[in-house]
2 protein chains.
Amino acid sequence: MRRHIATVSATTLLGLACATGVAEAQPASLYAPSAMVLTVAQGEDPATVVRASTVSCAPTAQGTHPDPQAACAALAAAAGTLDTLLASPDSNRACPMHYDPVTVTADGVWQGSRISWKHTFSNACVMSVTFNGNPLFAF
Amino acid sequence: MRRHIATVSATTLLGLACATGVAEAQPASLYAPSAMVLTVAQGEDPATVVRASTVSCAPTAQGTHPDPQAACAALAAAAGTLDTLLASPDSNRACPMHYDPVTVTADGVWQGSRISWKHTFSNACVMSVTFNGNPLFAF
């Protein structure tokens, strides 16, 4: 409801701004926006996406991600530097060495700053072991 | 609920795939994913985003966009070629000619194909006139 009111008033402001010749993009809320699209694609080129999920973190965690709260916590822990997701693989698991690449992407906004992140794993097992239970791409 | 079951079974498949050495990324549903993050930023460089919105279109329209159904209809009408959003400006409205750029972006997946689209308008009035009531960036 609050979001709706904010949207309406932003639109009104836009209208007024146009009328007076002072046009500015107005933030719709006090929160810096955090909204991401996460994808998992088969192959090195992420042109063909097999799974995708959205997550929005401010003011509340929501999205088509099965656990938006956990995804937002994972994003907050990475603090916008998604390479940190690759830093703690499960050292107790082994993977076959065959090459059947899986590419994950994260695009959008984290606390007002644009993010465009991509990583290719040599196969899905390597992806699973590398993420090591991190919920961000668990969809 | 159905989504959750699909997620769990995909995870189970992943586990099995790792165990047997056959690792594949499995689609979580029969629908090609359509999920986008839309942003509006002040300036030419969209590094600082003032508004962001998510929309997911399959199997149902949802997201933080104030009207996900209208946004999905607009995306379907554009058929993944978002430059068509610029094709029908309102010819009955005039805008001041000052330069206070607003940049809009759309990143994500449309029916399984990745999309990364960006356009800079010279000011917010020009943006409003160009979109001409299109609901996609009305948030």
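The following paragraphs examine the structure supplied in this document. (Residues numbered from 1 in each chain as written. Chains lettered and ligands numbered in written order. Predicted model: local features only at pLDDT ≥ 70, side-chain atom pairs only at ≥ 80, totals over all residues. Heavy atoms only, no water.)

Residues and elements named next belong to chain A. In spatial order, the strands read β2-β1-β3-β4; together these four strands make up an open sheet with antiparallel pairing. Two strands close off the open sheet at either side, each with one partner strand: β2 (49-56) and β4 (113-121). Averaged over all neighbouring strand pairs, the angle between strand axes comes to 10°, with direction disregarded. The pairing of strand β1 (residues 35-42) with β2 spans seven bridges and is classified as antiparallel. When the bridges of β2 are listed, Val40 appears paired with Arg51. This element, helix α2 (residues 68-78), spans β1, β2 and β3 (102-110) of the sheet and lies at about 85° to β2. (Pairing = 2+ DSSP bridges. Helix = DSSP H or I, 4+ residues; strand = E, 2+ residues; numbered from the N terminus. Axes fitted to C-alpha atoms, helices over the stretch in contact; angles between N-to-C directions. Contact = heavy atoms within 4.5 Å.)

Residues and elements named next belong to chain A. Scanning the entire structure with this criterion turns up four disulfides over all chains. Here Cys57 is linked by a disulfide to Cys72, with a sulfur-sulfur distance of 2.1 Å. Because the torsion about its S-S bond is -95°, the bridge between Cys57 and Cys72 counts as left-handed. Placement of the pair is Cys57 in the loop between β2 and α2 and Cys72 in helix α2, with a sequence separation of 15 residues. Given the relative accessible area of 16%, Cys57 is considered buried. On the accessibility criterion, Cys72 (9% relative accessible area) is buried. When the bonded cysteines of chain A are counted from the start of the sequence, the pairing works out to 1-2, 3-4. (Disulfide = S-S within 2.5 Å. Buried < 20%, exposed > 50% of the residue type's maximum accessible area, 1.4 Å probe, protein only.)

Next up on the list: the packing of aromatic side chains. All names here are of chain A. For the structure shown, the criterion picks out eight aromatic pairs over all chains. Each ring, one from Trp117 and one from Phe137, has its centre 6.2 Å from the other, and the planes form 40°; the classification is tilted. Highlighted residues: Trp117 in strand β4 and Phe137 in the segment after α3 (124-131), separated in sequence by 20 residues. Comparing Trp117 with Phe137, the two get one shared label, buried. Ring geometry for Phe121 against Phe131: centres 5.2 Å apart, planes inclined by 70°, an arrangement best described as edge-to-face. Here Phe121, found in strand β4, pairs with Phe131, found in helix α3; they are 10 residues apart in sequence, far enough to count as distant. Looking at Phe121, the relative accessible area reads 3%, which means it is buried. (Phe/Tyr/Trp six-rings, centres within 6.5 Å; stacked < 30°, edge-to-face > 60°.)

Throughout the structure, instances matching the rule amount to two salt bridges over all chains. The residue Arg114 of chain B makes a salt bridge to Asp107 of chain A at a minimum N-O spacing of 2.8 Å. A residue pair is termed interchain when its members come from two chains, as with Arg114 of chain B in strand β4 (residues 113-121) and Asp107 of chain A in strand β3. Taking the relative accessible area as the measure of exposure, Asp107 of chain A reaches 3% and is therefore buried. (Salt bridge = Lys/Arg side-chain N within 4 Å of Asp/Glu carboxyl O.)

The linkage connecting Ala58 of chain A with the following residue, Pro59 of chain A, adopts the cis geometry, with an omega of 0°. Within the fold, Pro59 of chain A resides in the loop between β2 and α2. We note that Ala79 of chain B has phi near 50°; this positive angle belongs to a residue other than glycine. Within the secondary structure, Ala79 of chain B sits in the loop between α2 (68-78) and β3 (102-110). Backbone geometry places Gln111 of chain B, a non-glycine residue, at a positive phi of 45°. As for its position among the elements, Gln111 of chain B is in the loop between β3 and β4.

All names here are of chain B. Tracing the sequence through the fold places Asp90 in the loop between α2 and β3. Salt bridges are absent for the buried Asp90, whose nearest opposite-charge side chain, Arg93, sits at 4.8 Å. Here the side chain of Asp90 touches Asn92 through a polar contact of 2.9 Å, landing on its backbone nitrogen. Sequence-distant contacts of Asp90, that is, excluding residues within four places in its chain, are made with Val129 and Asn132. (Lys, Arg positive; Asp, Glu negative; His and termini not counted. Polar contact = N/O pair within 3.5 Å; in protein donor to acceptor, adjacent residues only side chain to side chain.)

Shape descriptors only; they carry no functional weight alone.
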